Amino acid sequence: MNKCNRTWIAFANRNRCRHADAILNLGFISWRMGRARFAVGDIVYLFMSDERCVRFKMVVTAEHQERQDKDYWVEKAPNDKTYKLELLEEYNGSQLSEAVLLQHGFKGGKSLEIPNCNNLQLINYIKSIF
């Protein structure tokens with residue numbers, strides 16, 4: 001499988017970090033380099049836990065970075081190496097709500113815990129809206 005320029009869907013948990021505020025104020029967020037296997041150049045669509053929709057299209061611009069969004073964390077920000085995800089586009093319509101995404105292969109629940117690049121039906125639908 002080609003590791004470059006993949007497209008992902010990832011879950012932004014509002015209970016842990018105010019991702020939307022960080023994105024709108026900084027233009028980027030730091031994303032933990034744990035289970036996510038992003039590469040520079042990958043596209044990441046963020047599903048927002050509080051809004052229950054995909055709102056942001058991000059691009060991975062760096063890896064092995066110090067966390068730079070600590071001020072936006074609800075809980076104590078982890079002191080870990082991160083990817084830098086920069087904002088490409090914001091979507092404010094209703095076509096990427098959880099209810100609509102469920103009709104396009106979205107699984108919800110536990111499927112969101114690890115960023116996913118394999119649900120092509122869902123990712124292609126999200127791409128068609130952005």
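Use the structure listed above.
Just so you know, these numbers come straight off a predicted model, no measurement behind them. (Residues numbered from 1 in each chain as written. Predicted model: local features only at pLDDT ≥ 70, side-chain atom pairs only at ≥ 80, totals over all residues. Heavy atoms only, no water.)

## A few points about the overall build of the protein chain
Cut-off, in case you're wondering: The helix count covers DSSP runs of H or I at least four residues long, the strand count covers runs of E at least two residues long, and both are numbered beginning at the N terminus. In this description the radius of gyration comes from C-alpha coordinates, and the expected globular size is given by 2.2 Å times residues to the power 0.38. Only protein chains enter the accessibility calculation, which uses a 1.4 Å probe; a residue whose area is less than 20% of its type maximum is buried, one above 50% is exposed, and one in between is partly exposed. By definition in these notes, contact holds between two residues if any of their heavy atoms fall within 4.5 Å. We get accessible surface area from the Shrake-Rupley algorithm with a probe of 1.4 Å; when it comes to residues, only the shown protein chains can shield them. Lys and Arg are tallied as positive, Asp and Glu as negative. Neither His nor the chain termini are counted. By convention, the charge on Lys lies at NZ, on Arg at CZ, on Asp at CG and on Glu at CD.
Along its length, the protein chain carries three helices and five strands. Ordering the α and β elements of the protein chain from the N terminus gives β-α-β-β-β-β-α-α. The C-alpha radius of gyration of the protein chain comes to 14 Å, within 12% of the 14 Å expected for a compact globule of 130 residues. The C-alpha extent of the protein chain, read off along each of the three principal axes, is 40 × 35 × 25 Å. Per-residue burial over the protein chain gives 47% buried out of 130 residues. Of the contacts formed within the protein chain by residues at least 6 apart in sequence, a portion of 68% connects residues at least 24 apart. On the protein chain, roughly 6900 Å² of surface is accessible, and the fraction owed to carbon and sulfur atoms is 47%. When the 19 positive and 15 negative side-chain charges of the protein chain are each reduced to one mean point, those points stand 6 Å apart.

## Digging into the pairing of strand E2 (residues 28–32)
Stated formally: At least two DSSP bridges between two strands are required for those strands to pair.
Of all five residues that make up E2, four are buried, and the element is covered over most of its length. Bridging between E2 and strand E5 (residues 82–90) involves five bridges; their strand directions are antiparallel. When the bridges of E5 are listed, Ile29 appears paired with Leu85.

## Some thoughts on the sheet that holds E5
Counted only if it meets this: Lines are fitted to the C-alpha atoms to define the axes, a helix being fitted only along its stretch in contact, and any angle between axes, read from their N-to-C directions, falls within 0 to 180 degrees.
Here we have five strands laid out as an open sheet, ordered E1-E3-E4-E5-E2, and mixed in their pairing. In the strand order of this sheet, the two ends are held by strand E1 (7–12) and E2, each with one partner. Averaged over all adjacent pairs, the angle separating strand axes in this sheet is 40°, with direction ignored. Of the pairings in the sheet, the one linking strand E3 (residues 43–48) to strand E4 (residues 53–65) comprises six bridges and is antiparallel in character. By the bridge assignment, Ile43 is partnered in E4 with Val59.

## Concerning the environment of Lys81
Where we set the bar: Counting of polar contacts relies on pairs of N or O atoms within 3.5 Å, with two restrictions inside protein: one atom must be capable of donating a hydrogen and the other of accepting it, and residues adjacent in sequence are counted only when both atoms are side-chain atoms.
With respect to the element layout, Lys81 can be found in the loop between E4 and E5. Overall, Lys81 belongs to the partly exposed group, its relative accessible area being 41%. Residues Lys81 and Val100, 19 residues apart in the sequence, show an inter-C-alpha distance of 34 Å. Side-chain polar atoms of Lys81 contact the side chain of Glu66, separated by 2.4 Å.

## Quick word on helix H1 (residues 19–26)
Each α-helix winds once per 3.6 residues, and so residues spaced three or four apart point in a common direction. Convention followed: In this description, one arc is meant: the one made by directions from the helix axis to the C-beta atoms.
Burial in H1 covers these residues: His19, Ala20, Ala22 and Ile23. For H1, the angular spread of the buried residues around the axis is 165°, confining them to a single face. At its buried positions, H1 is contacted by E1, E2, E3, E4 and E5. Trailing H1 by a residue or two, Gly27 shows a phi angle of about 90°, which is positive.

## Here we look at helix H3 (residues 120–129)
Within the span of H3, buried status applies to Leu122, Ile123, Tyr125, Ile126 and Ile129. The arc enclosing the buried residues of H3, seen along the axis, measures out at 160°, which places them on a common side. Exposed positions of H3 whose direction lies more than 90 degrees from the buried face are Leu120 and Ser128. Close packing links the buried residues of H3 with E1, E3, E4 and helix H2 (98–101).

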